[in-house]
Amino acid sequence: MDKRISRKFFNDRAEHWDETVRNNDPQKLRSMADRLIIKNDDRVLDVGTGTGVFIPHIAEKLNGGGKIISMDYAINMLYRANAKFPQNGSLRYICAEIETLHMNSDVFDVATCYSTFPHFHDKPKALDNLRHLLRSNGILYICHTAGRETINDIHRNIPDFQDHLIPDNESMTQLLKDAGFTDIFIEDDSESYLVKARNGA
């Protein structure tokens with residue numbers, strides 16, 4: 001899918017996104033966040049933050065410490081996120097694509113990709129850049145509050161999103177290994193999908 005079409009899709013729907021998308025259940029989000037290991041002094045990159053639904057759950061784990069950099073390639077999504085959770089000393093927004101985000105290497109302790117991985121237009125390049133951005137032994141989390149097949153079925157029924165899919169476990173593992181990640185863990189059931197991988201550099 002042309003990334004310009006994808007960006008327009010999300011920008012056009014940003015204003016009403018929270019009311020129309022079904023994967024924003026606060027209890028499910030909290031339950032997913034509880035499964036992530038985030039220390040209170042960590043620097044966290046929230047990739048594809050959308051309207052910021054995962055931000056308060058990351059912030060709760062940081063407990064007043066650390067920093068969150070929330071990024072998305074759809075500027076209207078970031079406007080909505082900032083309206084709910086204003087940028088401050090510990091929270092910053094960046095409009096960028098993860099495939100081409102340029103920052104110093106070894107910047108983040110944790111990267112979270114909540115409900116966004118299928119929309120990466122170049123998944124190998126995105127994962128390679130994420131590994132570059134993470135510190136040695138930094139952790140990448142790819143997560144959804146629905147199972148892989150549920151997510152893929154939803155996307156297959158959206159015009160122009162049919163190829164926005166989560167790979168099968170074997171393919172996902174290989175993508176992560178090729179990017180330099182180790183200690184790969186994948187858990188997929190009807191209620192959630194979680195990948196944890198370590199920067200092996």
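Use the structure listed above.
**Description of the nonpolar core**
Phase 1: In this structure, Leu 45, Ile 98, Leu 127, Leu 130, Leu 140, Ile 142 and Phe 181 are the most contacted members of the largest nonpolar core, which totals 32 residues.
Phase 2: Filtering out sequence-adjacent residues up to four positions away, Leu 45 remains in contact with Ile 69, Met 71, Ile 98, Leu 101, Phe 108, Val 110, Ala 111, Thr 112, Leu 130 and Leu 133.
Phase 3: Core analysis: the next-biggest nonpolar cluster, separate from the first, contains 22 residues, Met 32, Leu 36, Ile 38 and Tyr 114 among them.

**A closer look at the layout of surface pockets**
A probe matching the size of a water molecule, rolled over the atoms, marks out where space remains unfilled.
Phase 1: Considered as a void within the structure, the second largest pocket measures approximately 150 Å³ in volume.
Phase 2: Lys 39, Asp 109, Val 110, Asn 137 and Ile 139 are the residues nearest the centre of the second largest pocket, which is lined by 14 residues in total.
Phase 3: Secondary-structure elements contributing two or more residues to the lining of the second largest pocket are β4 (108-114), β5 (134-144) and β7 (193-199).
Phase 4: For the lining of the second largest pocket, the element with the most residues is β5, which contributes six residues.
Phase 5: Partitioned by chemical class, the residues of the lining of the second largest pocket number five nonpolar, three polar and six charged.

**Brief notes about the pairing of β4**
Phase 1: Most of β4 sits inside the fold, with seven of its seven residues counted as buried.
Phase 2: With three bridges connecting them, strand β1 (residues 43-47) and β4 associate as parallel partners. Note that in β4 the partner of Val 44 across the bridge is Val 110.
Phase 3: The pairing of β4 with β5 spans six bridges and is parallel. Considered in β5, the bridge of Cys 113 is made with Ile 142.
Phase 4: Regarding topology, helix α6 (residues 123-133) serves as the crossover connection from β4 to the parallel β5, and that connection is right-handed.

The rules behind the values
Residues numbered from 1 in each chain as written. Predicted model: local features only at pLDDT ≥ 70, side-chain atom pairs only at ≥ 80, totals over all residues. Heavy atoms only, no water. Core = buried A, V, L, I, M, F, W, Y, C linked by side-chain atoms within 4.5 Å. Buried < 20%, exposed > 50% of the residue type's maximum accessible area, 1.4 Å probe, protein only. Contact = heavy atoms within 4.5 Å. 1 Å grid on protein atoms, 1.4 Å probe; cavity = no way out; pocket = protein on both sides within 12 Å on 5 of 7 lines; lining within 4 Å. Points joined across faces, edges and corners; volume = space filled by probe spheres on them. Helix = DSSP H or I, 4+ residues; strand = E, 2+ residues; numbered from the N terminus. Nonpolar A, V, L, I, M, F, W, Y, C, P; charged D, E, K, R; others polar. Pairing = 2+ DSSP bridges. Right-handed = clockwise from strand over helix to strand, strands pointing away.

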